[in-house]
Amino acid sequence: AFSSGVVLSLMDHIARYKVPFIATGSSSNTLGQKVAEDYEHNKYFFRLMLNETDQAEGMIKFVNEFLKPKLNIKKVGVMAEDAKWTKLMGSLFVDGMKKSGIEVSDYIRFPFKETDYAPILSRVKNAHVDFLLEISAIADGAIYINQWHDMQGPPIGGCDTSAGSEDFWDKTNGKCKSETVFMYGAYDVALTPSTRQFWQDYIKSYGIEPKYASCFTFDAIFVIADAAKKAGSTKPDALVGAMEKTSYLGVSGLIEFKQNHETICNKDNRPTMIWHQWQGKGKRLPIYPEKFAVAEYILPSWWKAKK
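Below is a short write-up of the structure. (Residues numbered from 1 in each chain as written. Predicted model: local features only at pLDDT ≥ 70, side-chain atom pairs only at ≥ 80, totals over all residues. Heavy atoms only, no water.)

### Remarks on the nonpolar core
- By size, the foremost hydrophobic cluster in this structure holds 60 residues, and its most contacted members are Met59, Leu67 and Phe93.
- Excluding residues that lie within four positions of it along the chain, Leu67 makes contacts with Phe62, Asn72, Ile73, Phe131 and Tyr297. (Core = buried A, V, L, I, M, F, W, Y, C linked by side-chain atoms within 4.5 Å. Buried < 20%, exposed > 50% of the residue type's maximum accessible area, 1.4 Å probe, protein only. Contact = heavy atoms within 4.5 Å.)

Right under this line is the structure:
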């Protein structure tokens, strides 16, 4: 299921019909909190992907460990689509920047059907930020990236689900060059022995690259199958009990669940965020963490890093 708001509306139905359910495209922390607050009612719900906290921590780490030394970052701006899944993530990132001694000039939430981003981009540009953090999944990132390029905005990156598609370069006529976005679940790197092979097989089968939920959904099938085999049953409570004991090395990483049925992330070879940068047509290249990097970070052609 995609969209945290949609999944939240499903949770009472999942409980009523006692159907074990793994969400693979929804990140709001509220979902796992509902399991923790009322386990007996919500124990049939699991989530296999990174939640808001996981993503915020990953973004903070990227800025502090990777960008800050390169760009001498002292001030950032934040723009996030106004959806349930971004509320906590955005605020956590802002708090993390402040704790790191980085000023946040603006934290702007925009309607996900927005078509004119000029006011937002002008605002952050006039604030002389060193980096603009984007958070969007429902909004069409190509619209604001085109405007960002034409206005010669500051270096931009973060979560832009649109930019995770191979046709994004063509959609933006190459204006996305230097945009840096994190991907999780699906990428052409050797996170586990099967990750890169899955990426290649997916393209061979479907003619397109996997999307961010592709690997999570693929792995979820095997998590359920493994649990059914170990439980010797597909009865709801037996299946849930076995799923809680999952330790499965899949395409997206080593999958194990916490007590609130969230996936353990961002450690070792578990599901994590790998940052890619658009550097040319067909070249959305891994740049961080360094062990997966195949290219050096580049700046927009019009931008010079502060010394």
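### Observations concerning the pattern of salt bridges
- Summed over the entire model, instances satisfying the criterion amount to 13 salt bridges.
- Here Lys43 and Glu40 are joined by a salt bridge, their closest N and O atoms 3.3 Å apart.
- Lys43 gets classed as buried once you look at its relative accessible area, which sits at 10%.
- Classification of Glu40 by relative accessible area gives exposed; the value is 55%.
- A salt bridge links Arg123 to Asp106, with the shortest nitrogen-to-oxygen separation between them at 2.7 Å. Highlighted residues: Arg123 in helix H6 (residues 118-126) and Asp106 in strand E4 (residues 103-110), separated in sequence by 17 residues. (Salt bridge = Lys/Arg side-chain N within 4 Å of Asp/Glu carboxyl O. Helix = DSSP H or I, 4+ residues; strand = E, 2+ residues; numbered from the N terminus.)

### Some points on the state of the cysteines
- A complete count under the given rule lists zero disulfides for this structure.
- Left unpaired, Cys215 is separated from the closest cysteine sulfur, that of Cys265, by 14 Å.
- Look at Cys215 and you get buried, because its relative accessible area is 1%. (Disulfide = S-S within 2.5 Å.)

### A look at the sheet that holds strand E11 (residues 283-288)
- Read across the open sheet, the seven strands follow the order E4-E3-E5-E6-E7-E10-E11; overall the sheet is mixed. Two strands close off the open sheet at either side, each with one partner strand: E4 and E11. Strand-to-strand twist of the sheet, defined as the mean angle between neighbouring strand axes without regard to direction, takes the value 25°.
- The strands touched by helix H4 (residues 52-71) are strand E5 (131-136), strand E7 (180-184), strand E10 (273-280) and E11; relative to E10, the strand with the most contacts, the crossing angle is about 60°.
- Lying over the sheet, helix H5 (residues 84-99) contacts strand E3 (75-81), E4, E5 and strand E6 (156-160), oriented at roughly 170° with respect to E4. (Pairing = 2+ DSSP bridges. Axes fitted to C-alpha atoms, helices over the stretch in contact; angles between N-to-C directions.)

### A look at the pairing of E11
- Looking at chain direction, E10 and E11 are connected through five bridges and run antiparallel. In the sheet register, His276 faces E11, and the bridge partner there is Pro286.
- In this structure, the hairpin formed by E10 and E11 is closed by a connection of two residues, where Gly282 is found at a positive phi of approximately 75°.

### Looking at helix H7 (residues 141-150)
- Of the residues making up H7, those classed as buried are Gly141, Ala142, Tyr144, Ile145, Gln147 and Trp148.
- Residues of H7 that are buried make contact with E3, H6, E5, E6 and helix H8 (168-171).
- Where H7 starts, the residue carrying a side-chain oxygen 3.0 Å from the main-chain nitrogen of Ala142 turns out to be Asp140.
- Gln152 sits one or two positions beyond H7 and adopts a positive phi of about 55°. (Polar contact = N/O pair within 3.5 Å; in protein donor to acceptor, adjacent residues only side chain to side chain.)

### Here we look at the environment of Asn72
- Relative to the helices and strands, Asn72 is located in the loop between H4 and E3.
- When the C-alpha positions of Asn72 and Lys306 are compared, they lie 6.0 Å apart, and in sequence the two are 234 residues distant.

### Topic: the packing of aromatic side chains
- What the rule picks out here adds up to 21 aromatic pairs.
- With centroids separated by 6.3 Å and ring planes inclined at 20°, the aromatic side chains of Phe21 and Phe45 adopt a geometry described as stacked. On the criterion of sequence distance, the pair formed by Phe21 in strand E1 (residues 21-23) and Phe45 in strand E2 (residues 45-47) is long-range, its members being 24 residues apart.
- Judged by its relative accessible area of 1%, Phe45 falls in the buried class.
- Put simply, the rings of Phe62, Phe66, Phe182, Tyr184, Tyr212, Phe216, Trp275, Tyr288 and Tyr297 touch in pairs and so form one group of aromatic residues. (Phe/Tyr/Trp six-rings, centres within 6.5 Å; stacked < 30°, edge-to-face > 60°.)

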